[in-house]
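# Observations on the three-dimensional arrangement
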Amino acid sequence: MSRMPLYLKERIEEINQRALLFNYETNTLPKWEKVIITWIALAIFWMIVSVSIHWQNILIGAVVTFLVSLLMYDMFTSDIRRKGNVAIKALRIIFLYVPQYIFIMAFRLVESNLKVLKHAILMDINPGIVKIDSDLHSHTGLTILANSITLTPGTLTIDTVRGLDESKIYVHWIDVETLDREKAGAIIKGGLEDWLKNIFW
Amino acid sequence: MIEYLFLLLGTVLMISGGLGVLRFPDVYTRLHASTKCDTGGAMSILIAVAIVSEAPMLIKVKFLILAFLIAMINPMVAHAIARGAHKSGIKPKGVIDVYARDGF
């Protein structure tokens, strides 16, 4: 690999990039599933914001949200990973993954708050900014990962750099334990990234 | 009874956040205190309000929507403030700064 001519190396990199892009394109959902997912999400939001459950209200909401979802179906759903039957996957997301995430994050949020209290009283801090890698490369997945890292104990996301297969996250760590990228990533991300990979790219 | 528990937890977390903002040395460590403790405190106070209010069910759900929005928006605001502070040249105190070394 080291003695390879330069033009061949560039060609191989280009082919790798195109294979990644092709993989990305074929693994997104088809159009009608995107429209239906957006429609259901918008209809639930309509029901919560307009409090009444009269049938005229529900009918108007269904028509309007269907029109909106025909226009904007690509905005939220293009980052969802395509795997298996869509109905089973939706049920698994609603009844397994989302309660799991809320349960984990509630306890980690309380733990991080108590840790801030401990640091504020004892002042045993050792801050620094470290860089970790991430396997996610969609907008939504990377955003949720960065937000979750901010809410877990001792870490604060400063910036993310998104790229196909080379996403990076810069994290301000209040008590730096290690400077090694792999170990720091394992400590900071925990099980969150594996959880997010079930749903998003 | 459980609403008093949530209210007490929220108040304690808010006070600890204020203590952290007063005692920590620079912008980034203060952001730790303000972001996490505001999120946890406001969410638990909102849950207590949702339990104790005598409104119909659909209105109680609105409080939970509010808690969800706070949990989504607060980390993004912290990211914006930290990145803006770093871009305007405030050096973080501490052992290492990879973000400045990478040329941002």
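Look a little higher up for the structure.
The notes below deal with the structure included here. For clarity, every value in this text was computed on a predicted model and none was experimentally measured.

Scanning chain B for helices and strands turns up 4 helices and 0 strands. Relative to the 2.2 N^0.38 estimate, which gives 13 Å for 104 residues, the radius of gyration of chain B is 17 Å and therefore markedly larger than a compact globule would have. For chain B, the spread of C-alpha atoms along the three principal axes comes to 55 × 25 × 15 Å. Residues classed as buried in chain B amount to 31% of the 104 residues present. Contacts in chain B between residues far apart in sequence, at least 24 positions, make up 63% of those at least 6 positions apart.

Below, the discussion takes up the sheet that holds strand S3 (residues 167-173) of chain A. Residue and element names in this part refer to chain A. Taken together, 3 strands build an open sheet; the order of strands is S1-S3-S2 and the sheet is antiparallel. What marks the edges here is a single partner per strand, and that holds for strand S1 (128-134) and strand S2 (155-161). The sheet shows a mean angle of 30° between the axes of neighbouring strands, taken without regard to direction. Judged from the 6 bridges that link them, S2 and S3 form a sheet pairing that is antiparallel.

This brings us to the environment of Val64(A). Residues and elements named next belong to chain A. Mapped onto the fold, Val64 is located in helix H3 (residues 55-71). Given 13 C-beta atoms within 10 Å, Val64 falls into the partly exposed group. As for Val64 and Thr178, which are separated by 114 residues in sequence, their C-alpha atoms are 53 Å apart.

Right, let's talk about the pairing of S1(A) for a bit. Residues and elements named next belong to chain A. Of all the 7 residues making up S1, 5 are buried; the element is thus mostly covered by neighbouring parts of the structure. Looking at chain direction, S1 and S3 are connected through 7 bridges and run antiparallel. The residue bridging Asp133 from the neighbouring strand is Lys168, located in S3.

Attention shifts here to unusual backbone geometry. Residues and elements named next belong to chain A. In this structure, Met123 takes a positive phi of about 55° despite not being glycine. Relative to the assigned elements, Met123 resides in the loop between helix H5 (86-122) and S1. Residue classification places Met123 among the exposed positions, given that 10 C-beta atoms sit within 10 Å.

Quick notes on the rules
Residues numbered from 1 in each chain as written. Chains lettered and ligands numbered in written order. Predicted model: local features only at pLDDT ≥ 70, side-chain atom pairs only at ≥ 80, totals over all residues. Helix = DSSP H or I, 4+ residues; strand = E, 2+ residues; numbered from the N terminus. Rg over C-alpha atoms; globule rule 2.2 N^0.38 Å. Buried ≥ 20, exposed ≤ 12 C-beta atoms within 10 Å, placed from the backbone. Contact = placed C-beta atoms within 7 Å. Pairing = 2+ DSSP bridges. Axes fitted to C-alpha atoms, helices over the stretch in contact; angles between N-to-C directions.

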